[in-house]
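# Residue-level structure breakdown
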Amino acid sequence: MARLADYFVLVGYDAEKRGSGDGQGQILQRFPEKDWEDNPFPQGIELFCQPSGWQLFTERNPPTFFVAVLTDINSERHYCACFTFWEAVESAQPQSHPRNGEEEEEESASPVQPAQLFAPKSLVLVSRLDHAEVFRNSLGLIYTIYVDGLNVSLENVIGNLLTCTIPITGGAQRTISLGAGDRQVIQTPINDSLPVSSCSVALLFRQLGITNVLYLFCAALTEHKILFLSSSYQRLTDACRALLALMFPLKYSFTYVPILPAQLLEVLSTPTPFIIGVHSIFQSETQELLDVVIADLDGGTVNVPECVHISLLPEPLLQQTREALSMVLDPELEVADLAFPPSTISASSLKMQDKEIRAVFLRLFAQLLQGYRWCLHIIRIHPEPVIRFHKAAFLGQRGLTEDDFLTKVLEGMAFAGFVTERGAPYRSIDLFDELVAYEVKRMRAEEGNKQKILRHIKELAEKLYKNENPYPAVTMHKVQKPTEGCHLRLHQKPFPRLDEGTVQWIIDQATAKLQTAPPAVKAEKKCMVPSGPPIAAIMERNGNALANSARRLEVVRNCISYVFENKMLEAKKLFPAVLRAMKGRAARHCLTQELNLHVQQNRAVLDHQQFDFIVRMMNCCLQDCTAMDEHGIAAALLPLVTAFCRKLSPGITQFAYSCVQEHVVWTNIQFWEAMFYSDVQNHIRALYLDSSEENHTDEEGTEEPQEARSALEIASEQLRLWPTMSREKQQELIQKEESTVFSQAIHYANRMSYLLLPLDTSKNRLLRSSGLGDVESVSNSFVTNSIAGSVAESYDTESGFEDAESSDVANYVVRFINRFVDKVCTESGVTNEHLKGLHVMIPDIVQMHIETLDAVHRESKRLPPIQKPKLLRPNLLVGEECVMEGLRVYLMPDGREEAAGGNIGGPPLLPAEGAIFLTTYRIIFKGTPTDPLVGEQVVIRSFPISSLTKEKKINIQAQVDQFIQEGLQLRSCTFQLLKIAFDEEVASDSAEVFRKHLHKLRYPQHVHGTFAFTVGQSPKQAMQPKAKEKNPSLRTLSKNLVKNAKKTIGRQYVTRKKYTPPAWEQRSSQHFPEDNEDEISVSEEMDRSTLTPTTTIRPSEKMTINHLVERACCRDYQRLGLGTLSSSLTRSKNEPFRISTVNRMYAICRSYPGLLIVPQSIQDNTIQRISRCYRQNRFPVVCWRNSRTKAVLLRSGGLHGKGVVGLFKSQNAPTAGPSQTDSTSLEQEKYLQAVINSMPHYADAGGRNTLSGFTSAHMSSAGKWGSIRASGRMSSYALNVEIGSRLAGKDLLGAQHNGAPAEASFLRQHRASLYIIGDKSQLKGVKPDPLQHWEVVPIEVFDVRQVKASFKKLMKACVPGCPSTDPNVAYLRSLEESEWLSQIHKILQISVLVVELLDTGSSVLVSLEDGWDITTQVVSLVQLLSDPYYRTLEGFRLLVEKEWLSFGHRFSHRGAQTLAGQSSGFAPIFLQFLDCVHQIHLQFPMEFEFSLYYLKFLSYHYISNRFRTFLLDSDYERIELGLLYEEKGERKCQQVYKSIWDYIDRLNKKAPVFFNYMYAPEDGEVLRPYSNISNLKVWDYYTEETLSEGPSYDWELVQGQPEHMEEADRQDTSAPQTKRKIIWPCYDNRSRMEPDAISKLLEDLHNLEMELGQVPERWKDTWDKIKASQRTEARQEGSRTPSSLLMSSGLSHHRRSLGVYLQESGVGSTLNLSLDSDTSSTSTPSSGKQGGRRSTSTLYSQFQMSESENRSYEGSLYKKGAFMKPWKPRWFVLDKTKHQLRYYDSRMDTECKGVIDLAEVESITPGTPTMGAPKTVDEKAFFDLKTTKRVYNFCAQDVQLAQQWIDRIQSCLSDA
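A few points on the structure. (Residues numbered from 1 in each chain as written. Predicted model: local features only at pLDDT ≥ 70, side-chain atom pairs only at ≥ 80, totals over all residues. Heavy atoms only, no water.)

The five strands lie next to each other as β3-β2-β6-β5-β4, forming an open sheet whose pairing is antiparallel. Each end of this open sheet is capped by a strand with a single partner; those strands are β3 (25-31) and β4 (64-71). Within this sheet the neighbouring strands show an average axis-to-axis angle of 25 degrees, counted without direction. In this structure, strand β2 (residues 7-13) lies alongside β3, joined through six bridges in antiparallel fashion. (Pairing = 2+ DSSP bridges. Helix = DSSP H or I, 4+ residues; strand = E, 2+ residues; numbered from the N terminus. Axes fitted to C-alpha atoms, helices over the stretch in contact; angles between N-to-C directions.)

Here you go:
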């Protein structure tokens, strides 16, 4: 029972204080006068009676009533019912104080008669019960008695009112009377936990609307400040009450003031949340509140300031709540659109609607909080329950971790109160408990069914209504009301002063009566609170996801079982999939369960590899968890990380926790609390289970384990029994629980020290993000190898606490654990003594753990690395030796995508782990891919050391889960890139040693140090050249040189040499003019007999001559008929050229060969003088003669300045320099004239050889020739056009026979006999001289610097270091920017120009730069294009030996092969030449005997230093070292090939690697390739690689591998054998995996012969036989048929390849047979000139439609398109071979527009013209072709043609 009212107060206007501005109220009387003990009198009532301030009014207002709410210090609410009326004030001088009244102006205006003023007076009831209506009636009654002067004692009424007691709850109905003939019925709610709202909620929704109220609701729950405005106090109170009612079952625990008095307005700026109501007149004061949500009840608006973000309900709930509310508040909405709306629908009564709205919110809370009881941890049961809510688990299981709203609600005070109040397992329950426990399933099921939802809402509303109004038939109240308008009576007596004594006496009597009466005990129905279904049961997921995850879980389980069964390879394969699966929650749970099972089976001690896998899985599992650990993953792993371990050494064990510390969750104190509480709960549950279940064990066994009782159930049982227990028993239980908590606290102190102390505590690394920690702290979580700690070495000083002592970590951890222990122990009621004990223990625990960790750390560093594949040894060549044993590295993917599984798919072969080996010859990486799906493959990448162009240090991350490591990027000019990252086990100094060795091998002191020389010796014996005298003068040099040259003669091995030729650097071209003059003049003063060639040759020199004669160039001169050298040195005088021995001692030109071809008429001593005019003394010598036109090709170095002046300045120009220069230049002119005279037609033509074929276009620019501008891009030199058209087969020679077109000024009437192609920069100021017979063609060429730069860019484009960011253009753009193809274009262009000139009978002297780079390229290409001999294997060798080796291309210098060349870098001049040959090969595939593989082989080996052929810079230097003639002596060792040519010959005998099967040369054909950039292709040598075996150019290394692979395949015989071969680009050697047809046949033949025991025939013989037989076959048949195997060599068309490319390769060439069934292709006599013949026989390739036609008959026909399309002329081709009729847009078109298959043709009939047909044609020319698909309409030009077409097609059909 409770008092209805505690105090009655009379409050009036305080007349004394009225002078101070605002008026004030004062308490006139209060009853009872002394406070109740249980309820002191509230302060400040006078403020709340007049919330807008006490004021005087000029007229009487009607009485008002409202209820204000005060909250006392214990947060008890006091309801103050204020009834206010007005009384006249007896005013002495009304003007004396400023009035606040509204009529102020009027008053002051009429001073004559002072108006009557009225002051308010309030009757106030203070109660703790909220019965507003009863208070209104009671106060009204008192007012009525006063105002109507009823005959009832006011004291009595007030006394009765204050003594009236009513039951609080239980639904009792109580009638009370105040003794004035009145009667009131008070109903109490059945359950006081449910709020009473009468109509307030419904009214709130009416005033504000659904959305606004939802905003307010969410704002209140998420603790925002809320302010209501209204001009009605009663409405403010109602609105606040409604908002609180909506929040049920949560209780609002912040400031709650429904009516805030004016004086207290500053409360609004409080920082805490509140719900406050303020009268609208203060609206302006609320404007500047920035963070308050303001609801204006009168205007119906809710204003949310910008800075406030209100989190709304999570999505489906928000929508559902809105819909439900709209069904309740606006039921007409559903049927508003119906044509015949039902008349019955209308909203419920206001009171009922109120309950329905509350029902909606009750359902909402039941859905929000469903399953909350499963997340309660009960930590103590006795003496009173202590309960904690596991927020993270709740959010995680509900899948709402990300949801702002729920997170904020759970963190809020209201929810904390909810847990305290409702967490208790044993208490009385109410509607909400039932709803959340039993109705959740129903609510789930009804989702979306509006009718059912509405029905449920109505049911709940009924219950709520019943709770407030238990008795439907309410007896009417009977209370007197005052008469109407009584407040206006003029002469109303003031409210009388009441007699305190009387009232007090009534109160005392009643109190005494109450004390004697027995206490009315309301029996509380307590029971166990139902928990409802667990969350997991509610949150079902869709089946599809389940199926998918089931497969993943299977993978996780398998992987774990493989690990524990030690099947590591299997586990490794599944591992990536497991790591990917770990993104899903289910997989992580599955992992923890599986591991847990293994722990239970005592499998916790692992070996290193297992340990590693388990740790990596745990880390992956944890890294996706947040610090909240919402799914309890970390919690489940916590016991496991302290269980799994490995033995490091006897007595030292490393546990998994030392490797999984790197996660935020361990530093989150909430996580530890939740863990602690759940463990404590389990232990306490066990404590009571054990005692209660000992006697039920038998029954328990039969039940299912799921029936195990939850901790809450046990707790409620215990609480029920508690009162019945004895005091001792109670104490004992309290004791037990307390010690359980205490022991858990110790346990957790240990656990926390495990996870917080890093393995290496000596590093002053503090912990991570919490507080002091440094984020960089590296604990070894992600280290895959087992030396978990050692990686941290490099992070020594990263934590920023360098100077700290090692105890820092310990202190920090101790503080962290202390904080934790304090919190949990005080919450769970551990005694103070125990707590102190704990604080003492913690530092010891930490210290102890640090000591164990030190031992573990020490041991773990000693561990051998595990789980690394064993290093594979590379195969080495004979004589190749390892310099450095393998360093373990990762080969990282670079910018090439293929190997990394890029654009073509396939498993990534890179990154691969293995080792890098340094041998005397190569750098080799050999290893296996890290991707377990290709783990069995072997990856090899290597390149010769001598090809290394750039080496730089880089830092890379080798594996995703590893640290950045140091690495190297090695780039090679064989287009290979090794990007390696050293493994952690490789110390950085070994990496340095590796780099130093590499450097030493790459740049040896002297060429002797290169592999070609050291091969076979042990690396240490490499000879060092002896030091010579300090600074040898040039004189001594040349003396020595000549002497040495003599000594070498006849000696076979000069390896003990004492002389180092001067480095080229010393005689670089800048100093040349002076140096050379010097050197030569010195030579002249010396004993002349050694120099002048006329002196007789001593016997020792004869050997030299013999040797020289055997040199390649000499053999070639004889082949070309340029002169013979008989032993007697007699010359046949009639030959124009002779072989001069002037340079046999290399005295005149050191870089020329010993024997040179010079004009017959020139004496040797002249030559010596001439040579001075040219750079490097490289005077013009003949190197080739055209056998038909007898024009010769000469080469020389560029001219020196002096020479040019004399030779080319016009005669009257003043001559510069001494007269000697003149004589030299005269001799030079003689020399050139002698060359011209040697040409047979020179005399006949009298020099008037007209420039027949060259049109004016060539001469369009200022020079004689259009200067060939090096504009970097396509040079615009006009020859292009012409040669292009010439090559298209049009005969221009005839057309222009009679001389020149009109621009005579540019034309020279005579064709020069000799063209000198020189460098534009040198030939400045040259005037044309009509008297001379030669002509200078100045052209611009690129220099070596540009070649180097271009090559660098080319390498970067073809082998990029890292993937490009822009996928579309990067490769092609960088290729273009490299300008490599422009340079090739330039070289080809010049070469074709020279070929043209030679072919038309002019001689050409190529005199560019120093005569050994571009000159060599051009001269060699010209010979290759002009002379078919050089296109054979033998001829090409000869060409290279003659032009490149003998004529001194500086291979060592350009290849930077020694230390001296290091600064100059690599210049690929020879490679550029080979690329040009490759371009020509692509355009003329049938003209070359060698395959493209041969060119690649040379490209690779000319820089590999495996052979001595391409070492050193000239024949002279080779003789110096005794290399040239070494081959004559018996070879020291058969295996080591000193010369690449021998190696190639030998290989060619064995296998057709270098042979081009399509070789079918045409006699004497001159090739004129297209040189436009669009015709050039990027050489695949630059882009392709074979990872399975490395470069295929070291033939011995790659032989015999496929067999092993097949054997490996065969071992697994159980699996079905597949015939399918999978060939990976960039991995397999395609030509070997899938050889071309001919190679395959030859190989099969070879194998058959072996099997039959015959001696296998050489492949070449077999091939020649086949070709011979095929020729005879062709002759017999008279016309070649498709059956002929190969094209005979007499093909007449000019055979530029159109689409037939040889897919050349390591083993041979895939042959595309070119068939020819054209009977008309009779061979025309093939001479150098090409007539106007069209290409008759066309190549037929089955792959390319465009060129591959076999045209049996062709012509133009009109064809009618499909339905409604017009007739169009098309070019038709009938093809018997393919049995089809094709059509094209026009005759020239190569793209076939359509094909009619003749097999489908049913009939061919004459047709009729249809609409739109050509008008002029006879209608008999129409015919129709009917196929199975449709009818084609055709029309020919005339009737004959039509008939012919019909016949042809018919014959084809009948043939078939």
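Next, the rest of the story.
If you look at the biggest cluster of nonpolar residues, it comprises 259 residues, and the most contacted ones within it are Phe 8, Ile 142, Phe 228, Phe 432, Met 618, Phe 644 and Trp 672. Take this core: its biggest share by element is 11 residues, from helix α28 (residues 807-827). (Core = buried A, V, L, I, M, F, W, Y, C linked by side-chain atoms within 4.5 Å. Buried < 20%, exposed > 50% of the residue type's maximum accessible area, 1.4 Å probe, protein only.)

Given a rise of 1.5 Å per residue, 15 residues ought to cover 21 Å, and the 21 Å separating the end C-alpha atoms of helix α30 (residues 988-1002) matches this to within 8%. All of the buried residues along α30 are Ala 991, Phe 994, Leu 998 and Arg 1002. Buried positions in α30, seen along its axis, are confined to an arc of 60 degrees and lie on one side of it. Facing away from the buried surface of α30 by more than 90 degrees, the exposed residues are Asp 989, Lys 996 and Lys 1000. (Expected span 1.5 Å × (residues − 1). Arc of directions from axis to C-beta.)

Moving on: the pattern of salt bridges. Using the criterion set out here, one finds 68 salt bridges in the structure. The partner of Glu 737 in a salt bridge is Arg 380, with the nearest N and O atoms 3.1 Å apart. Of this pair, Glu 737 sits in helix α27 (residues 727-756) while Arg 380 sits in strand β15 (residues 376-380), placing them 357 residues apart in sequence. The same class applies to Glu 737 and to Arg 380, which are both buried. The closest approach of N and O atoms between Lys 1442 and Asp 1116, which form a salt bridge, is 2.6 Å. Placement of the pair is Lys 1442 in helix α46 (residues 1433-1446) and Asp 1116 in helix α35 (residues 1112-1120), with a sequence separation of 326 residues. Both residues of the pair, Lys 1442 and Asp 1116, count as buried. (Salt bridge = Lys/Arg side-chain N within 4 Å of Asp/Glu carboxyl O.)

Applying the stated criterion across every chain yields a total of 84 aromatic pairs. For the ring pair Phe 671 and Trp 672, a centre distance of 5.4 Å and an interplane angle of 65 degrees mean the geometry is edge-to-face. Relative to Phe 820, the ring of Tyr 748 lies with its centre 6.4 Å away and its plane at 40 degrees, an arrangement referred to as tilted. Linking Tyr 748 in helix α27 with Phe 820 in helix α28, this pair joins segments that are 72 residues apart in sequence. For the pair Tyr 748 and Phe 820, one class covers both residues: buried. (Phe/Tyr/Trp six-rings, centres within 6.5 Å; stacked < 30°, edge-to-face > 60°.)

Turning our attention to helix α44 (residues 1380-1399). Look at α44: 28 Å from first C-alpha to last across 20 residues, which is about the 28 Å you get at 1.5 Å a residue. With 20 of its 20 residues buried, α44 lies for the most part within the structure. Following α44 by one or two positions, Gly 1401 has its phi on the positive side, about 95 degrees.

The strand order β11-β12-β10-β13-β14 describes an open sheet built from five strands, whose pairing is mixed. Strand pairing shows two members of the sheet lacking a second neighbour, β11 (255-257) and β14 (301-303), which therefore form its edges. Strand-to-strand twist of the sheet, defined as the mean angle between neighbouring strand axes without regard to direction, takes the value 20 degrees. With three bridges joining them, β11 and strand β12 (residues 274-279) adopt parallel strand pairing. Across the sheet, residue Thr 255 finds its bridge partner in β12, namely Phe 274. Along the sheet, helix α6 (residues 210-221) makes contact with β10 (225-230), β13 (292-296) and β14, crossing β10 at roughly 140 degrees. (Contact = heavy atoms within 4.5 Å.)

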